[in-house]
Amino acid sequence: MIEAREWEQEQERLSEVSAKLEDRIGEIEPEIEGLNEQAVDIRRKFWEEVSVSTSTNEDFEESVYSIEQQEALLSERERSHQNKVRKYHKLKRLSESPYFGRIDFREDGTGFAESVYIGVSSFVDNDGLEFLIYDWRTPIASLYYDHSPGRADYETPNGSISGKMELKRQYQIRDRQILNVFDTSDTIGDELLQQVLGGAADNRMKSIVATIQKEQNAIIREDKSRMVIVQGAAGSGKTSAALQRVAYLLYSQRDRLRADQVVLFSPNPMFNGYVSTVLPELGEENMKQTTFQEYLERRLGQAFALEDPFDQMEYVLSQSSDPGYEARLSGIRYKASSGFLQEMQRYVEGLERGGMKFRALTFRGRELVSAERMRELFYGYNASLRTANRLAKLQEWLLAEVKRLEREERYAKWVDEGLNYIDTEQYEEAYGELHQERHVFEFSEQYAAARARLNGTRRLDEGDFDFSERQEAWLRKDLAREAFEPLKRGVKRMTFVDVTALYMQLFDQEQSPESDRVSSEAGASALPPCWNEIGRQTRAKLERGELYCEDATPYLYLKEMVEGLRSSSDIRQVFVDEGQDYSAFQYAFFKKMFPSARMTVLGDFSQAIFTQSTELSGPDSPLVHLYGAADTRVFRLNRSYRSTREIVGFTKALLPEAADIEPFDREGAKPLLIGAESPKQKAELIAAHLKQLQAEGFDSIGIVTRTAAEAREALEQLAALGCQDLKEITKTTPEFKKGTLILPVYLAKGVEFDAVLIYDASANAYNRESERKLFYTACTRAMHRLTLFCIADPTPFIDNADLSLYDSAAAAQ
Ligand SMILES: Nc1ncnc2c1ncn2[C@@H]1O[C@H](COP(=O)(O)OP(=O)(O)OP(=O)(O)O)[C@@H](O)[C@H]1O
């Protein structure tokens, strides 16, 4: 705390700045309202003011010009309106809490220290000279995040500036009143962070702008590398830093980066809502948010029923007795691997020499162009042409061929018959079309007649226009055109390439029964265990018009590699959260899909709960290879901000690789393990504990289960025991609500709760080594309290947790 006198001075300054903000808002407000009315007015009068005249060419041009002018004027007004509105909202936001930090910095060579007040955006005094508030993203503001009082420097576009930081101060301000002021010697004062982290969880993520940590700031401001990888412990602020980074980039590159050129891939649709308020809170427009599954659905959803990652997860967790289980798991791993990616790349190259698969073009049950003919043409093109280019040539040929066949078809029997069923509408259309032609005809006829008169000759074709013949010809053409339309559309979409057969062909090679692992044809990679069964499962699924989750990306990759990629070069920044859950294929895909983008991938290999997963930063990481080590920067975050010291102490004992995680120093109760004797008793204990937590004031509680079926069971049991307001979260729930949620671990990814209850931590439930990370992920969702329930023995995953790390309670009989 600071002295009373200083506090008073700070309050005085705050009041002054607030008053200036109010004045500025007062100046802009009428303008905003005026602009609003103007825009509506111009739109309303738009068509009144432009009279469209088509009587002469000049008139018509005049009208078009006038419309264009009006439109340009309107767009300009709207743009300036939007800018003003944005400015207005920024001022409003500032007026609620103008700043959160201050540094006094004496630049070397100057005789005075400047006081730099830092807030969510800049505010300059009316004279235009004095910055009353600096935006947190300005170069000088980085001092606040990176240094303690003493020698300090910061980077600007023109080089480094050094000096001495004489003061570093933090504020908590509400309604223009200072609630708290802290002077700090630390990089960012622990006191403020303590307060922020001690607060309750929300159903929306919060901006961390006032308490960004030095190691997070480095991630936020990194702007040299093409690829930024963040491997960070659970709760270390990866998602928070990512969102701040988006806001930073939108500011620092405001002349060349728009919010709609930034895309964030989230782990599930609910997560989109969870993080959607952060950027607007920082005064920025939201970026595009999507899930990879949504993208796959858009690209493949019409052709196949796609399995989503959550159904795949449910299968992996609950169908271990299925006879094909081992093969499926082996397939999931293989189909996500760099080995399969390389195999696929070799395969696509090989298609230039042989093995292409085509689908014949058929029409009314007749084969128009056989697959064989297409193959001949394809392999007859210049051998130096790539597959996609040859396909483009073939496509051109096919379109011409289809048009030729369509012309021939006009006199086919079915068209003769079709003429008998022409309705009046079609006749009218034909009449109309011919009538238009008639004008042209008449004009040329008149012209020819005039010439004939002038030359004193007679035309041979005079008067030979036969309307009914022409009408029939028109109708025949129309019938054939309509019937051929789907075929033409198909050729344009390249449906003549049999991608399904091409994909299946990848699995054709038989594995010898005596060997589980044999070298593939190319000799560079080995086939995975249960290879033959993997092939059988893959083919059977495809034949049903379905795609396993693990097949969707490789399938699309193959399709794109063969047919030529449709990329989005407009996207400039791609963010991937929960990056450990994406396969090597998906990363190769991102690179191809967004050729002009830089990438930021955030994740935690300790939370790799899906069977397919990618190590983010090790030597084998496909991510590091994606753009090359020189253009890649890896950051590590080891400090966990989410959970209390006690919870972090317990969770880090669950996983050997979590050993070096440091908790932020915030105290709380030890995790509690409660043993029950029967499922019924377990449910009763959970119900009682829930009531106790609610009575203590926790209003964000997560009951985390292994599977969706278990979540349903939990809901029924607890509701029967009188627990109120329980909300079940399924993969189709559109957004998180505050309260007591019951959900499977894989849907709790990335989110947090005041208190987490592990619904079943028994040895029976969690015992397979492959589920250790699943269990770890569940426990690391807790901020303040973690309680685990089990029947008989607890999961062996806690064997390494020293008994001092948690409390145990057996059920009272
Ligand atoms: N610098 C910070 N100041 C205040 N709060 C922070 C800071 N960094 C992280 N937090 C808080 O810590 C919690 C965890 O942050 P976040 O969800 O971003 O972590 P994460 O690394 O993405 O976690 P996970 O991998 O478990 O999804 C959030 O409540 C966030 O607000």
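Residues numbered from 1 in each chain as written. Predicted model: local features only at pLDDT ≥ 70, side-chain atom pairs only at ≥ 80, totals over all residues. Heavy atoms only, no water.

Visitor: Looking at this model, I keep getting lost on the site of the ligand. Mind explaining?
Guide: The full set close to the ligand counts 23 residues, and Thr211, Lys238, Ser240, Arg642 and Glu752 are the nearest of them. The contact in question runs from an oxygen atom of the ligand to an N or O atom on the backbone of Gly237, over 3.1 Å. At 2.6 Å, a side-chain N or O of Ser240 approaches an oxygen atom of the ligand. Among the elements that make up the shell around the ligand, the one with the highest residue count is helix H6 (residues 238-252) (three residues). (Near = heavy atom within 4 Å. Polar contact = N/O pair within 3.5 Å; in protein donor to acceptor, adjacent residues only side chain to side chain. Helix = DSSP H or I, 4+ residues; strand = E, 2+ residues; numbered from the N terminus.)

Visitor: So what exactly am I meant to see when it comes to the UniProt feature "binding site: ATP" (unreviewed entry) in the protein chain here?
Guide: If you check UniProt for "binding site: ATP" (unreviewed entry), the listed places come out as Gly232, Ala233, Ala234, Gly235, Ser236, Gly237, Lys238 and Thr239 in our numbering. Looking at the element boundaries, Ala233 is found in the loop between strand E8 (227-232) and H6. For Ala233, a relative accessible area of 3% puts it in the buried group. Relative to the elements of secondary structure, Ser236 occurs in the loop between E8 and H6. Its relative accessible area of 0% is what places Ser236 among the buried residues. Aside from chain neighbours lying at most four places away, what touches Ser236 is Gln216, Leu637, Arg639, Ser640 and Tyr641. (UniProt positions renumbered as here; feature names shortened; annotations may be inferred. Buried < 20%, exposed > 50% of the residue type's maximum accessible area, 1.4 Å probe, protein only. Contact = heavy atoms within 4.5 Å.)

Visitor: Can you help me understand unusual backbone geometry in this one?
Guide: Working note: non-glycine residues mostly have negative phi, and peptide bonds are mostly trans. Unlike most non-glycine residues, Asp175 shows phi in positive territory, near 50°. Looking at the secondary structure, you find Asp175 in the loop between strand E6 (159-174) and strand E7 (177-183). You can call Asp175 exposed: its relative accessible area is 62%. Non-glycine residue Met494 carries a positive phi angle of around 60°. With respect to the helices and strands, Met494 occurs in the loop between helix H17 (467-492) and helix H18 (499-505).

Visitor: Just checking my understanding: could you explain the sheet that holds strand E25 (residues 782-791) for this structure?
Guide: In spatial order, the strands read E22-E23-E21-E24-E25-E20-E26; together these seven strands make up an open sheet with parallel pairing. Edge positions in the open sheet fall to strand E22 (726-728) and strand E26 (807-810), since each of these has one partner strand only. Averaged over all adjacent pairs, the angle separating strand axes in this sheet is 20°, with direction ignored. On top of the sheet, helix H24 (residues 679-695) reaches strand E20 (672-676), strand E21 (700-705), E22, strand E23 (739-744), strand E24 (753-758) and E25; it is set at about 160° to E25, its chief contact. (Pairing = 2+ DSSP bridges. Axes fitted to C-alpha atoms, helices over the stretch in contact; angles between N-to-C directions.)

Visitor: Would you mind showing me how to read the packing of aromatic side chains here?
Guide: Applying the stated criterion to the full structure yields 42 aromatic pairs. Of note, Arg13 hangs over the ring of Tyr117, and the distance from its end group to the ring centre comes to 3.5 Å. In this structure, Lys773 is placed above the aromatic ring of Phe605, and the distance from its NZ or CZ to the ring centre is 3.8 Å. (Phe/Tyr/Trp six-rings, centres within 6.5 Å; stacked < 30°, edge-to-face > 60°. Lys NZ or Arg CZ within 6 Å of the ring centre and 35° of its normal.)

Visitor: Honestly, the confidence of the model for the protein chain in this entry has me stumped. Any pointers?
Guide: In low-pLDDT segments, the atomic positions of the prediction should not be examined closely. For the protein chain, mean pLDDT is 86; residues scoring 70 or higher make up 89% of the total. Across residues 459-464, confidence stays below pLDDT 50; counting only partners more than four residues off in sequence or on other chains, it has five contacts. Low pLDDT (under 50) marks residues 516-524, which in the prediction has 23 contacts with non-local residues, meaning those over four places away or in another chain. (pLDDT = per-residue confidence, 0-100.)

Visitor: How should helix H9 (residues 292-300) be read in this particular structure?
Guide: Think of an α-helix as turning once every 3.6 residues; residues three or four places apart then point the same way. When H9 is considered as a whole, its buried residues turn out to be Phe292, Gln293, Tyr295, Leu296 and Leu300. For H9, the angular spread of buried residues about the axis comes to 155°, placing them on one side. (Arc of directions from axis to C-beta.)

Visitor: Would you take a moment to explain the side chain of Thr651 for this structure?
Guide: Assignment of secondary structure puts Thr651 in helix H23 (residues 645-652). Residue classification places Thr651 among the buried residues on the basis of a relative accessible area of 5%. For Thr651, the residues in contact, after removing those within four places along its chain, are Tyr776, Cys779 and Thr780.

Visitor: Help me understand the sheet that holds strand E15 (residues 573-576) in this model?
Guide: In sheet architecture, strand pairing relies on hydrogen bonds along the backbone and comes in two forms, parallel and antiparallel. Read across the open sheet, the six strands follow the order E10-E9-E15-E16-E8-E17; overall the sheet is parallel. Two strands close off the open sheet at either side, each with one partner strand: strand E10 (288-290) and strand E17 (632-637). Within the sheet, the average angular offset between the axes of one strand and its neighbour, ignoring direction, is 15°. Strand direction decides the pairing type here: strand E9 (residues 262-265) and E10, joined by three bridges, are parallel. Paired with Val263 across the strands is Lys288, a residue of E10. Packed onto the sheet, helix H21 (residues 584-593) meets E9, E15 and strand E16 (598-603) and runs at close to 155° relative to E16.

Visitor: Explanation requested: the packing of helix H12 (residues 338-350) against H21 in the structure shown.
Guide: The relative placement of two packed helices comes down to the angle between their axes together with the axis-to-axis distance. Two elements in contact, H12 and H21, have axes whose closest approach is 8 Å; the angle formed by their N-to-C orientations is 55°. Relative to H21, the element H12 is oriented oblique. On H21, the residues that touch Ser338, Phe340, Leu341 and Met344 of H12 are Ala584, Phe585 and Ala588. Taken together, the residues of the contact of H12 with H21 break down into six nonpolar, one polar and no charged. (Parallel < 35°, antiparallel > 145°, perpendicular 65-115°, else oblique. Nonpolar A, V, L, I, M, F, W, Y, C, P; charged D, E, K, R; others polar.)

Visitor: Just checking my understanding: could you explain the environment of Arg366 for this structure?
Guide: Among the secondary structure elements, Arg366 is positioned in strand E13 (residues 366-369). Apart from the residues lying within four places of it in its own chain, the contact partners of Arg366 are Leu361 and Glu409.

Visitor: Just to check I follow, could you spell out the environment of Met287 for this structure?
Guide: Tracing the chain through its elements places Met287 in the loop between helix H8 (278-281) and E10. Sequence-wise, Met287 and Leu264 are 23 residues apart; in three dimensions their C-alpha atoms are separated by 7.1 Å. Beyond its immediate sequence surroundings of up to four residues, Met287 is in contact with Leu243, Val246, Ala259, Val262, Leu264 and Leu279.

Visitor: How should I be thinking about the pattern of salt bridges in this particular structure?
Guide: Pairs can form between side chains of opposite charge once their charged atoms are near each other. Taken as a whole, this structure holds 54 salt bridges when the rule is applied. Residue Asp125 is joined to Lys20 by a salt bridge in which the shortest nitrogen-to-oxygen separation is 3.2 Å. Of this pair, Asp125 sits in the loop between strand E3 (123-124) and strand E4 (131-135) while Lys20 sits in helix H1 (residues 4-49); the two residues are 105 residues apart in sequence, bridging distant segments of the chain. Linking Arg536 and Glu533 is a salt bridge whose minimum nitrogen-to-oxygen distance equals 3.0 Å. Highlighted residues: Arg536 and Glu533, both in helix H19 (residues 531-543), separated by three residues, approximately one helical turn. (Salt bridge = Lys/Arg side-chain N within 4 Å of Asp/Glu carboxyl O.)

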